Amino acid sequence: MWSEWCLPSDVLDLRRRRQARSLAGKQRVREWRPTALTRLPEPEPISVGDWARSPSFGAIFEWTELHMTASRLAPWRDRGDRAVDDYVTANPLRSDTDPVTILYSPSDTTPPQSPHAELCRKLETPPSWEIDWAAVERGQAVFVAYWPAASLTLWFTSLVGGFSAPLITEVIRCTGYLTGNRAGRRLIETFQMVLSCSLCGSDGLRPEGDGWETILRVRFLHASVRRRLANVADGTKCEHPWDRGVYGVPINQEDLAVTLLAFSLNVIDGIELLRGWPLSTTEQEDFLHLWAVIGWAIGVEDECNPCYRGVAHAQAMLDSIMMHELEPNHHSRAVAAHLLPSPVVAALAQRFLGQPLSTALGLPAPDWKSAAAATTYFWCHRVASWFWSLPGLAGLWRVGSEWVLRWILARCQRRNPTFAHPPTTP
């Protein structure tokens, strides 16, 4: 969604290009800067039909009834994941144990009102919306079919672009999540979760399935971070104390919602950007539904889950949250520099992020060699996408892709079968 250049508009029908072209003759476009760091509502009312633009992202969109104002989003920052948080408080996690194994260990002495029993009931409760398991499997097939483009989008747009939000980057800074030699491991864990959810079939995303258990481990990881930073906020000595009054609850519902969008809607846009033509409506809706189910499993409340009501609602939610909190600061620029280790990689990332966001993140203008390498990669990927979509080859590509992804997942699982959970006290 942040891509503004590098591909001919006549072959790439992205939502942002359509909206930008439709501005001719419209009323004045208002520049809109995020207000989440001040915890204040919008500086002036915004109404349905108004047009807004983010200076840092270059995104222009029309405000609709589906969008949410900052005053409606702000309370989400004070909500974590109560059931898992209560469980972790009562049962502190250890880095050498698997919390999923412990959770599902049979016990006849667990009180019915204990955090353990409450969490088990919560996990078995389906969402208020209906899950279409056939659409889930089709959404998994979308990732397998376009995994090279999806993987690059996850890296450049979802992670580098997503960390342009200071409210999210602060968690990274306080925990050291992507610093030093920990960065590679955490990125592998993220990709491992995506692969687990995309290769497990619909049954694997049901309670106690393989994908479900992987998601639950990430959910426990989030809870352990919240608990650790809550202790810091309560006065425990730490180099980077957490200010809940400014940043809200760590890894709160708004953070989870925008992360879900980064891994779903942004990936759809990235696939379209690389291949040169849009996905079908069915592919977009199915991929969003897959991530709606992942969001439910990872602890996103139904009210905050942006993916189960379709593409239009998901886009409006991404616009709204972008307007609320995404404004790069010096920590965002430091994370971006850490994740983009070479000029060629940085040049490729700028193709995904677009010029305004690349500038806001302090990415240097690429030299001609790096720019040429990035352009060559884009067009080679486009030609390859066209070739493998030919009749008779698409099926072969899917079979080969699934084999490769299962091989990668097996290697990740051998290195890190249960994820590493930091202790819940500093």
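Predicted, not measured: the structure shown is a model, and the values here were computed from it.

J.: Is there a simple way to think about the overall build of the chain in this case?
T.: Looking only at helices and strands, the chain features 20 helices and 3 strands. Residues classed as buried in the chain amount to 55% of the 426 residues present. Of the contacts made within the chain by residues no fewer than 6 positions apart, 77% connect residues no fewer than 24 positions apart. With an accessible surface of roughly 18,400 Å², the chain has 57% of that area assigned to carbon and sulfur atoms.

J.: I'm lost on the nonpolar core in this one. Help?
T.: One broad trend across soluble globular proteins is that nonpolar side chains are buried collectively. Counting 113 residues, the largest nonpolar core has Phe 143, Phe 220 and Trp 291 as its most contacted members. The biggest single contributor to this core is helix α14 (residues 281-298), with 10 residues.

J.: For this particular structure, what's the right way to read helix α16 (residues 330-339)?
T.: Each α-helix winds once per 3.6 residues, and so residues spaced three or four apart point in a common direction. Those residues of α16 lying buried are Ser 332, Val 335, Ala 336 and Leu 339. Along the axis of α16, the buried residues cluster in a sector spanning 100 degrees; they form a single face. Where α16 begins, the capping side chain belongs to Asn 329, and its oxygen is found 3.1 Å from the backbone nitrogen of His 331.

J.: For this particular structure, what's the right way to read the packing of helix α13 (residues 265-275) against helix α15 (residues 311-325)?
T.: It is at 10 Å that the axes of α13 and α15 come closest, and there the two elements cross at 105 degrees. With respect to α15, the axis of α13 lies roughly perpendicular. Residues Leu 265, Asn 266 and Asp 269 of α13 form the contact with α15, whose own contacting residues are Val 311, Ala 314, Gln 315 and Leu 318. A per-class count over the contact of α13 with α15 returns 4 nonpolar, 2 polar and 1 charged.

J.: Teacher, can you tell me more about the confidence of the model for the chain here?
T.: As a general rule, the predicted coordinates of low-pLDDT regions are not to be interpreted in detail. The pLDDT averaged across the chain works out to 82; a share of 81% of its residues lies at or above 70. Here residues 1-26 scores under 50 on pLDDT; set against residues more than four positions off or in separate chains, the count is 76 contacts.

J.: Help me out: how do you make sense of the pattern of salt bridges in this one?
T.: A side chain with one charge can pair with a side chain of the opposite charge if their charged atoms come near. Scanning the model with the defined rule gives 13 salt bridges in all. Of the charged contacts, one joins Arg 219 and Asp 81 as a salt bridge, the two residues approaching to 2.6 Å between their closest N and O atoms. Separated by 138 residues along the polypeptide, Arg 219 in helix α10 (residues 210-233) and Asp 81 in the loop between α2 (70-73) and α3 (82-90) bring together distant segments of the chain. There is no split in this pair, since Arg 219 and Asp 81 are both buried. Note that Arg 138 and Asp 286 form a salt bridge whose closest N and O atoms lie 2.7 Å from each other. Taken together, the residues Arg 138 in helix α6 (residues 133-145) and Asp 286 in helix α14 connect sequence positions 148 residues apart. The network of salt bridges with shared partners includes Arg 82, Asp 86, Glu 118 and Arg 121.

J.: Where do I start with the side chain of Ser 332 in this structure?
T.: Residue position: Ser 332 is located in helix α16. In this structure Ser 332 comes out as buried when scored by relative accessible area, which is 1%.

J.: Is there a simple way to explain the packing of helix α7 (residues 147-161) against helix α17 (residues 343-353) in this structure?
T.: For any two helices packed against each other, the geometry is given by the interaxial angle and the distance between the axes. Contact pair α7 / α17: the axes reach a minimum separation of 9 Å and the direction vectors enclose 75 degrees. Classified by the angle between their axes, α7 and α17 sit roughly perpendicular to one another. Across the interface between the two elements, Leu 152, Thr 153, Trp 155, Phe 156, Thr 157, Val 160 and Gly 161 from α7 touch Val 345, Leu 348, Ala 349, Phe 352 and Leu 353 from α17. For the contact of α7 with α17, the per-class residue count stands at 9 nonpolar, 3 polar and no charged.

J.: Whenever I open this one, unusual backbone geometry confuses me. Can you help?
T.: Glycine aside, the phi torsion of most residues is negative, and most peptide linkages are trans. At Glu 208, a position not held by glycine, the phi torsion is positive, near 75 degrees. On the secondary structure map, Glu 208 appears in the loop between α9 (182-199) and α10. Notably, Ile 251 is not glycine yet its phi reads approximately 50 degrees, a positive angle. On the secondary structure map, Ile 251 appears in the loop between α11 (244-247) and α12 (253-263). The buried category is assigned to Ile 251, whose relative accessible area is 12%.

J.: How do you make sense of helix α20 (residues 394-415) when you look at a structure like this?
T.: For α20, which comprises 22 residues, the first-to-last C-alpha distance of 32 Å matches the rise-based estimate of 32 Å (1.5 Å per residue) to within 8%. Inspection of α20 places Ser 401, Leu 405, Leu 409 and Cys 412 among the buried residues, and these make up the whole buried set. One side of α20 holds all its buried residues, which, seen down the axis, span an arc of 70 degrees. In α20, the exposed positions that point more than 90 degrees away from the buried face belong to Leu 396, Val 399, Trp 403 and Arg 414.

J.: Please clarify how the packing of aromatic side chains should be interpreted in this entry.
T.: For any pair of aromatic rings, the description rests on two quantities: the centre-to-centre distance and the angle between the ring planes. Tallied over the entire structure, the rule returns 11 aromatic pairs. Taking the centre distance of 4.7 Å and the plane angle of 20 degrees together, the rings of Trp 155 and Phe 156 count as stacked. Since its relative accessible area comes to 0%, Phe 156 is described here as buried. With 5.3 Å between their ring centres and 40 degrees between their planes, Trp 242 and Tyr 247 make a pair best called tilted. Note on accessibility: Trp 242 and Tyr 247 belong to one class, buried. Put simply, the rings of Trp 155, Phe 156, Phe 352 and Phe 378 pair up and form one aromatic cluster. Lying over the aromatic face of Trp 133, Arg 206 brings its terminal NZ or CZ to 4.2 Å of the ring centre.

Conventions adopted
All residue numbers refer to positions counted from 1 along the written sequence of the respective chain. Under the rules for a predicted model, residues below a pLDDT of 70 receive no local features and side-chain atom pairs below 80 are neither given nor counted, while totals for whole chains, interfaces and linings still include all residues. Excluded from the side-chain calculations are hydrogens and water; all other atoms, namely the structure's heavy atoms, are used. Starting at the N terminus, helices and strands are each numbered in turn, a helix being any DSSP run of H or I of at least four residues and a strand any DSSP run of E of at least two. Each residue is placed in one exposure class: buried if its accessible area under a 1.4 Å probe, protein chains only, is under 20% of its type's maximum, exposed if it is over 50%, and partly exposed if it falls in between. The contact definition used throughout considers only heavy atoms, calling two residues in contact when any of these lie within 4.5 Å. All accessible-area figures derive from a Shrake-Rupley calculation using a 1.4 Å probe, and residue coverage is judged against the displayed protein chains alone. Remark: nonpolar core denotes a set of buried residues (Ala, Val, Leu, Ile, Met, Phe, Trp, Tyr, Cys) joined through side-chain atoms within 4.5 Å. By arc we mean the arc of the directions from the helix axis to the C-beta atoms, nothing more. Within 3.5 Å is the distance limit for a polar contact, defined as a pair of N or O atoms, with the added protein rule that one can donate a hydrogen and the other accept it, and that residues adjacent in sequence qualify only through two side-chain atoms. In this analysis, axes come from line fits to C-alpha atoms, helices being fitted only over the stretch in contact, and the angle between any two N-to-C directions falls in the range 0 to 180 degrees. Oblique is the label for any angle not under 35 degrees, not over 145, and not in the 65 to 115 range, which are roughly parallel, roughly antiparallel and roughly perpendicular in turn. When residue character is reported, Ala, Val, Leu, Ile, Met, Phe, Trp, Tyr, Cys and Pro are called nonpolar, Asp, Glu, Lys and Arg charged, and the others, Gly included, polar. pLDDT expresses, on a scale from 0 to 100, how confident the predictor is about each individual residue. The rule for a salt bridge is simple: a side-chain nitrogen of Lys or Arg has to be within 4 Å of a carboxyl oxygen of Asp or Glu. What a helix is expected to span follows from its residue count: subtract one and scale by 1.5 Å. A pair of Phe, Tyr and Trp rings is counted when the ring centres sit within 6.5 Å of each other, with Trp represented by its six-membered ring. The angle between the planes then sorts it: under 30 degrees is stacked, over 60 is edge-to-face, the rest tilted. Sitting over a ring, as applied to charges here, requires NZ of Lys or CZ of Arg to be within 6 Å of the ring centre and within 35 degrees of the ring normal.

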